[in-house]
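# Observations on the three-dimensional arrangement
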Protein chains: 2
Amino acid sequence: MLGAIEAGGTKFVCAVSDNDLNNINKISIPTTTPEETFSKVFDFFDEYTLDAIGIGSFGPIDINPESDTYGYITSTPKTAWKHTDFIGAIKERYSIPVGWTTDVNAAALGELTKGAALENDSCLYLTVGTGIGGGAVVNGKVLEGFGHPEVGHILVRRHEKDTFEGFCPYHKDCLEGLAAGPAIEQRYNKKAQDLPEDSEAWDIEAYYLAQALVSYTLTLSPEKIILGGGVMKQKQLLPMIREKFAALLNDYVSTPDLEEYIVSPELGDDAGVTGCLLLALEEL
Amino acid sequence: MLGAIEAGGTKFVCAVSDNDLNNINKISIPTTTPEETFSKVFDFFDEYTLDAIGIGSFGPIDINPESDTYGYITSTPKTAWKHTDFIGAIKERYSIPVGWTTDVNAAALGELTKGAALENDSCLYLTVGTGIGGGAVVNGKVLEGFGHPEVGHILVRRHEKDTFEGFCPYHKDCLEGLAAGPAIEQRYNKKAQDLPEDSEAWDIEAYYLAQALVSYTLTLSPEKIILGGGVMKQKQLLPMIREKFAALLNDYVSTPDLEEYIVSPELGDDAGVTGCLLLALEEL
Ligand SMILES: Nc1ncnc2c1ncn2[C@@H]1O[C@H](COP(=O)(O)OP(=O)(O)O)[C@@H](O)[C@H]1O
Ligand SMILES: Nc1ncnc2c1ncn2[C@@H]1O[C@H](COP(=O)(O)OP(=O)(O)O)[C@@H](O)[C@H]1O
Ligand SMILES: [Zn+2]
Ligand SMILES: [Zn+2]
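Rules behind the numbers
- Residues numbered from 1 in each chain as written.
- Chains lettered and ligands numbered in written order.
- Predicted model: local features only at pLDDT ≥ 70, side-chain atom pairs only at ≥ 80, totals over all residues.
- Heavy atoms only, no water.
- Helix = DSSP H or I, 4+ residues; strand = E, 2+ residues; numbered from the N terminus.
- Expected span 1.5 Å × (residues − 1).
- Buried < 20%, exposed > 50% of the residue type's maximum accessible area, 1.4 Å probe, protein only.
- Arc of directions from axis to C-beta.
- Least-squares fit on C-alpha atoms with pLDDT ≥ 70 in both.
- Contact = heavy atoms within 4.5 Å.
- Donors = N, O, S within 2.8 Å, 3.2 Å for Na, K, Ca; no water.
- Tetrahedral: all angles 85-135°; square planar, octahedral: opposite > 155°, others 65-115°.
- Buried area = accessible area lost by both parts, 1.4 Å probe.
- Polar contact = N/O pair within 3.5 Å; in protein donor to acceptor, adjacent residues only side chain to side chain.
- Near = heavy atom within 4 Å.
- Areas by Shrake-Rupley, 256 points an atom, 1.4 Å probe, with all protein chains shown as cover.
- Nonpolar A, V, L, I, M, F, W, Y, C, P; charged D, E, K, R; others polar.
- Pairing = 2+ DSSP bridges.
- Axes fitted to C-alpha atoms, helices over the stretch in contact; angles between N-to-C directions.

We now examine helix 1 (residues 34–45) of chain B. All names here are of chain B. With twelve residues, helix 1 extends 16 Å between its outermost C-alpha atoms, agreeing within 8% with the 16 Å of an ideal straight helix rising 1.5 Å per residue. Turning to helix 1, its buried residues are Pro34, Thr37, Phe38, Val41, Phe42, Phe44 and Phe45. Taken end-on, helix 1 shows its buried residues confined to a sector of 160°, consistent with a single buried face.

Below is the structure:
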């Protein structure tokens, strides 16, 4: 039996499957403090005898096996979770092999193996929610170097109508600081989901995301870019992003047809959990 | 015997080596028109009997073997070279296997195999010269997806003192448009090499390059970033870039020590040719 923890900034999704990835059970737990959240995670997994567990965590996390803080969440803006020994907590409770990467690397792997990038060797997965996070797969392998991608924090140019200062505690007005859900909420004093479909907010949002996608395209040249997360539930955004992407790139490099290139997740909310189960499977 | 062509925007460097990569002969040919330049390239290689040739070309180039224009230089700003069938021209003259990637991917491979990134599995190589181009190696392999990296054209935020409009024919004020050698020259009406060491020009230059390096770091997480090209001959630039990089990243992710992370090429001008010879060797 395989376990999966998709540890997001708002909720932890925990799942158990058989070794063919068929779902056995799944729950969602709010992300509060490590003590409270882990205690509910344990309540869930204690019912099963797992062979391995795969974790995809919000970050930054330490993925360097040589490091003293391997398996930790490191400098996250979520203060309660700074310097949390995630793998340590899991291994202490269950002595089983643990697969470990970012939530968004897991989602990228899930979508490549079972979802929107099934026919590709590479993809970039971006989630636009409480934060903006991205993961990637290159030549079929999760992208890791000295660390893991943190594409949500690249710098973007300001939209001419935008005066919001940005909310990233590290960079103020990086991409996440200007375009994650809380930025939209703080800019308009209204939850993103409560803004009208034709609000200027979406023009600003699409401009920032398109800029970022141009940057990722020119740096990574992925075969597909998959956009998920709460903010992308605004269905008008995807075509606006494609249009602004084309204008900014100005045909300098030829990409796949944009309808095929910039797409929604096919696994929906299951991308991350699927990737975590795949990570667990690799540990067997 | 192996052949190498490092095809840059200003000059072509052609080399011949034995199969252990020991140099036999090498020349530099100015990049003018395809007819003129290729005719000098042929004059050079006609003297030898090569087993394979590796080409690292300025771009964008078509690297998709399924494509009708595989082996072409495609939409380059250098008008005379648009839609040039590079592999076609070489294969017509010499019926030998051809390795083919960008000049900067070749340089990245050269530096990883024989130079500054010898102990790493990944690196990014950036050249700041007539244009700005970058290549990368991930898990020991040259980075290619639907195409190849074109990191020189990402968008950056303007330096507050900079009013130069930018010279990129595709994007005006992308990184290349604001920070390649000709941008410095047009901003000050003076060749970059003729500006004083303490000119404000270098502050502006370091700001743009540091921004770009933050973006590459957050996207690719390479183990090393290597900065070459004519503009980097200004020795004061490297420490200025490291300083601004640290300020912009603001410790959000931990990188290797910056003196080890952002470095000069060790192969100097030989990085590209070395990578091309390695590409030729792979073809044997
Ligand atoms: N339908 C919607 N339209 C726009 N924004 C939404 C919508 N639903 C949720 N959001 C925003 O998405 C963010 C939550 O993102 P989500 O991906 O659901 O969770 P998390 O990123 O915490 O895992 C919140 O800022 C919320 O306002
Ligand atoms: N010592 C120097 N200091 C600053 N800029 C220089 C220096 N030497 C050359 N350059 C600039 O570098 C550019 C040429 O780059 P180079 O890497 O030599 O060639 P290319 O990019 O064409 O292959 C020119 O714009 C030139 O002004
Ligand atoms: Zn940030
Ligand atoms: Zn450009």
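This part takes up the relation of the copies chain A and chain B. Once chain A is rotated about the relating axis by 180° and shifted along it by 0.0 Å, it coincides with chain B to within an RMSD of 0.0 Å. Considering both components of the superposition, the chain copies are consistent with a two-fold axis. Judged by C-alpha distance, Arg157 of chain A is the residue of chain A that lies nearest the rotation axis, at 2.8 Å. Most of the interface of chain A is mirrored in chain B, where 100% of its interface residues are also at the interface.

Residue and element names in this part refer to chain B. Within the protein, His153 (ND1), Cys168 (SG), His171 (ND1) and Cys174 (SG) serve as the donor atoms for the zinc ion (ligand 4), at 2.0 to 2.4 Å. Angles of 103 to 120° at the metal separate the four donor atoms of the zinc ion (ligand 4), which places the site in the tetrahedral class. Within one chain, the residues donating to the zinc ion (ligand 4) are spaced in sequence as H-x14-C-x2-H-x2-C. Judged by its relative accessible area of 3%, Cys168 falls in the buried class.

All names here are of chain A. The coordination sphere of the zinc ion (ligand 3), as far as protein atoms go, consists of His153 (ND1), Cys168 (SG), His171 (ND1) and Cys174 (SG), spread over 2.0 to 2.4 Å. Of note is the zinc ion (ligand 3), whose four donor atoms meet at the metal with angles of 103 to 120° in an arrangement that counts as tetrahedral. Mapping the donors of the zinc ion (ligand 3) onto the primary sequence gives the spacing H-x14-C-x2-H-x2-C. What makes His171 buried here is its relative accessible area of 10%.

A common way to report how large an interface is uses the accessible area buried once the components associate. Contacts between chain A and chain B engage 45 residues on the former and 45 residues on the latter. For the pair chain A and chain B, the summed buried surface comes to about 3,800 Å²; carbon and sulfur atoms form 60% of the total. It is Phe146, Arg157 and Tyr252 of chain A that lose the most area in chain A upon contact with chain B, and together they represent 25% of the buried surface on that side. Counting across the interface, chain A meets chain B through 23 residue pairs in polar contact (both at pLDDT 80 or more). Taken together, the elements giving at least two residues each to the side of chain A that touches chain B come down to helix 6 (200–220) and helix 7 (237–249) of chain A.

Moving on to the site of ligand 1. Residue and element names in this part refer to chain A. What surrounds ligand 1 is the set Thr10, Gly129, Thr130, Gly181, Pro182, Ala192, Gln193, Gly229, Gly230, Val231, Lys233 and Gln234. The separation between an oxygen atom of ligand 1 and a polar side-chain atom of Thr130 is 2.5 Å. With respect to ligand 1, the side chain of Gln234 contributes an N or O atom lying 2.8 Å from a nitrogen atom. If ligand 1 stood free it would expose 570 Å²; the protein chains cover 77% of that surface. Among the residues forming the shell around ligand 1, the class breakdown is three nonpolar, eight polar and one charged.

With that settled, consider the sheet that holds strand 9 (residues 132–138) of chain A. Residues and elements named next belong to chain A. One open sheet holds the five strands; their spatial order is 10-9-8-11-12, and the pairing between them is mixed. In the strand order of this sheet, the two ends are held by strand 10 (141–142) and strand 12 (262–263), each with one partner. Pairing of strand 9 with strand 10 involves two bridges; the strand directions are antiparallel. Counted as the bridge partner of Val138 is Lys141 from strand 10. Against the sheet, helix 3 (residues 103–114) makes contact with strand 8 (123–128), strand 9, strand 10 and strand 11 (225–228), and its axis sits at roughly 50° relative to strand 9, the strand it touches most.

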